[in-house]
Amino acid sequence: MFLRQTQRKKDGKTHSYWSVVENLRLAGGRVVQRHVLYLGEISPSQAAAWRKSIEVFDADAGHPRTLALFPEDRAIAVTPDASLVRLRLSEMRLCRPRQWGACWLAGQLWGELQLDRFWSDRLPQNRKGTRWDQILQVLVSYRLIAPGSEWKLHRDWFGRSAMADLLGSDFRLAEPHKLYACHDFLLAHKTELFTHLVARWRDLFNADFDVLLYDLTSTYFEINASDVPEGDKRRHGYSRDKRPDCPQVVIALVVTPDGLPLAYEVLAGNTADCKTLRMFLDKIEQQYGRARRVWVMDRGIPTEAVLAEMRASDPPVQYLVGTPKGRLSRLEKDLVAEPWQQAREGVQVKLLAADSELYVFAESADRVTKERAMRRRQMKWLWKRLRALAAMEIPREEMLMKLGAARSRAPTAWRLVEIEMDKESSMFIYTLNRQKLRTVRRREGRYLLRTNLTENDPTLLWQYYIQLVAVEEAFKNLKQDLAIRPVFHQDEHRIEAHIFIAFLAYCLQVTLQRRLHALAPGLTARSALEKFAAVQMIDVHLPTTDGRELMLTRYTQPEPELQLLLQQLKLQLPRQPPPKIATTAVARVT
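An account of the accompanying structure is given in this report. (Residues numbered from 1 in each chain as written. Predicted model: local features only at pLDDT ≥ 70, side-chain atom pairs only at ≥ 80, totals over all residues. Heavy atoms only, no water.)

### Observations concerning the sheet that holds strand β17 (residues 446-451)
Here's step 1: If you trace the nine strands from one edge of the open sheet to the other, you get β9-β8-β7-β10-β11-β17-β14-β13-β12, paired in mixed fashion. Every other strand in the sheet has two partners, leaving β9 (261-268) and β12 (341-344) as the edge strands with one partner each. Strand-to-strand twist in this sheet, taken as the mean axis angle between neighbours without regard to direction, amounts to 25 degrees.
Here's step 2: In this sheet, strand β13 (residues 347-354) lies alongside β12 in antiparallel orientation, the contact comprising three bridges. Bridge pairing in β13 links Q341 to V349. (Pairing = 2+ DSSP bridges. Helix = DSSP H or I, 4+ residues; strand = E, 2+ residues; numbered from the N terminus. Axes fitted to C-alpha atoms, helices over the stretch in contact; angles between N-to-C directions.)

Quick look at the structure:
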């Protein structure tokens, strides 16, 4: 095996991408290269570490060579003893193939966060022998690996997984009534879990919590709103999923810039964004004490009153928040006189001190190009559509509906067009508002931020704000990768427990992602889980000449690319389970 470098030019810069490949000799002597593992862009020190890991010392040559990373173990010849019972190899049976690798990896992450200790103290075994902590581990591992309903876990997934083997249990961990009942014990320990996770993030990744990212999302329920009991958190409200027809709940989440989650809260679906921040400020302060923290938020979350309270706090609570572009009109004249400063390549900012705050006016060249292309695409479609509608001879009511549909499809372009419609017929004329177009062009790709930070470094301020992508990535993973929706529970406390389990699964996922980040930025947590999922467990049944049966439970040997990944992650597979021998059951037909 060896490292292969591929170079690509993008935006005038050369990017180097790395992969681990191996040579394979085909029939006829031709040699081809097989892609083993994609690493993405890695630093020179990471490249040196990978080269070192794939070197094999050649004793004959006296120096290392990149031949093979994992040489096969030498088999030790054993002389057979005639007194031993013989195996009937012709009658060997392979039974119950099941997924082992990803389940084992989930268990390693569970132990790394010390969630086994945390939950064994809080979910003790009951007098019937039910291990609620293991049932919770099954639910979280299922949500991480192949998310679905609890019923599917019971009927399908658990039997095709090796969770029972890994936990030393059996199907009692997947009984449906226990899967649902486990939800009832979780929410009481939510605050303690947040404190435990902060300690683990600090120990594992040396994380600091000086900068906190705060944002909101929602998840909807495809049910009849009239069936929701009075006082339930499921309510109609502003839907980020574009489903205003469905009741929903709002999820508020606090994460670090590295995506490590600290706390979350489930709120009523009709909760306004601006009414959530004060609660979280108090919650974080009570749980972790007062400290110098920078809260980074998107526009619309804090109110003027809350920002004033943050500035007046002792010590002041520092913030960096997006600002609606409407405020730009008031400050535009003052900003024109300020000089541009380079924050990073392709990003320049202007700083303006006003009203006890610092305003940061930022322009991103990439964002200008993107927003301008989006606006032009919408305008081109809308102009063509308006031309077609103007040529139609249809009733006035139908024309209004078609215009409304065009407005819904191209809202950005619609704001730049003025339409005058005849009061009695369907005829209308349309013109482009060039003054609005010039204003929009000046503001494309530009952001107005406000902060009470005394730090005037534009690079740091811009870096803080773009880190909001970490919390957006967390919501994306919860909704897509971990499939927090659909929610099949009906009771409010079980709905919140379902979100709690998805939060735990996200903690495992982000732990794996942080481990992979230092190894190969191009490898995601989902792709790593898929590679581990290829390792299966199988029962090998070997009948003996004395009427008994030897059963070997074995997991399959990982492929070379997975062996390489295991080595880099410093993970060691456990020993194969010991063999079992039993009398063969004889079936009788009467």
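Let us keep going from here.
### Regarding the environment of L331
Here's step 1: With respect to the helices, strands and loops of the structure, L331 is situated in helix α11 (residues 326-336).
Here's step 2: The contacts of L331, once residues within four sequence positions are left out, are L352, Y359 and L448. (Contact = heavy atoms within 4.5 Å.)

### Structural notes on empty space enclosed by the protein
Here's step 1: Inspection of the entire model under this criterion finds three cavities of 30 Å³ or more.
Here's step 2: Looking at the largest cavity, its volume works out to about 60 Å³.
Here's step 3: For the lining of the largest cavity, the secondary structure elements donating two or more residues are α4 (132-145) and α18 (492-519).
Here's step 4: By volume, the second largest cavity is sized at about 50 Å³.
Here's step 5: Forming the walls of the second largest cavity are I251, L253, Y264, F475, L478, I484, I499 and F503. (1 Å grid on protein atoms, 1.4 Å probe; cavity = no way out; pocket = protein on both sides within 12 Å on 5 of 7 lines; lining within 4 Å. Points joined across faces, edges and corners; volume = space filled by probe spheres on them.)

### Some points on the packing of α4 against α18
Here's step 1: One can describe the packing of α4 onto α18 by two numbers: an axis separation of 8 Å at closest approach and a directional angle of 70 degrees. Overall, the two elements α4 and α18 adopt an arrangement that is roughly perpendicular. Crossing handedness for the pair α4 and α18: right-handed. From α4, L136, L139, V140, R143 and L144 reach across to α18, where they touch H498, I501, A502, L504, A505, L508 and Q509. (Parallel < 35°, antiparallel > 145°, perpendicular 65-115°, else oblique. Left-handed = near helix turned anticlockwise from the far one by under 90°.)

### Focus: the packing of aromatic side chains
Here's step 1: For the structure shown, the criterion picks out 18 aromatic pairs.
Here's step 2: A centroid spacing of 4.3 Å and a plane angle of 10 degrees characterise the contact between W100 and Y555, whose relative ring orientation is stacked. A residue pair is termed long-range when its members are at least 10 positions apart, and W100 in the loop between β6 (93-99) and α2 (101-112) and Y555 in strand β19 (residues 548-555) qualify at 455 residues. For the residue pair W100 and Y555, the accessibility class agrees, reading buried in each case.
Here's step 3: Their ring planes at 80 degrees and their centres at 4.9 Å tell us that W383 and Y430 sit as a pair that is edge-to-face. Of this pair, W383 sits in helix α12 (residues 365-390) while Y430 sits in strand β16 (residues 428-432), and the two are 47 residues apart along the sequence.
Here's step 4: Three or more aromatic residues joined by ring pairs make a cluster, and in this case those are W100, W104, F532 and Y555.
Here's step 5: Lying across the ring of F118, R122 places its NZ or CZ 3.9 Å from the centre.
Here's step 6: The ring of F221 carries the charged tip of R234 above its face, separated from the ring centre by 5.6 Å. (Phe/Tyr/Trp six-rings, centres within 6.5 Å; stacked < 30°, edge-to-face > 60°. Buried < 20%, exposed > 50% of the residue type's maximum accessible area, 1.4 Å probe, protein only. Lys NZ or Arg CZ within 6 Å of the ring centre and 35° of its normal.)

### Notes on unusual backbone geometry
Here's step 1: The step from R485 to P486 runs through a cis peptide bond, and the omega angle for that step is 10 degrees.
Here's step 2: Note that P486 resides in the loop between α17 (469-481) and α18.
Here's step 3: One non-glycine residue with positive phi stands out, namely K570, at about 60 degrees.
Here's step 4: Mapped onto the fold, K570 is located in the loop between α20 (560-568) and β20 (580-583).

### Quick notes on the pattern of salt bridges
Here's step 1: A complete count under the given rule lists 35 salt bridges for this structure.
Here's step 2: Residue R442 is joined to E332 by a salt bridge in which the shortest nitrogen-to-oxygen separation is 3.5 Å. With R442 in helix α15 (residues 434-443) and E332 in helix α11, this residue pair connects regions lying 110 residues apart in the sequence.
Here's step 3: Take R442: its relative accessible area is 39%, and that puts it in the partly exposed class.
Here's step 4: Residue classification places E332 among the partly exposed residues on the basis of a relative accessible area of 24%.
Here's step 5: Its salt-bridge partner being E332, residue R443 comes within 3.4 Å of it at the nearest N-O pair. Taken together, the residues R443 in helix α15 and E332 in helix α11 connect sequence positions 111 residues apart. (Salt bridge = Lys/Arg side-chain N within 4 Å of Asp/Glu carboxyl O.)

### Details of helix α16 (residues 458-466)
Here's step 1: Within α16, the full set of buried residues consists of P458, L461, W462, Y464 and Y465. Buried residues along α16 cover an arc of 155 degrees about the axis, so they all sit on one side. (Arc of directions from axis to C-beta.)

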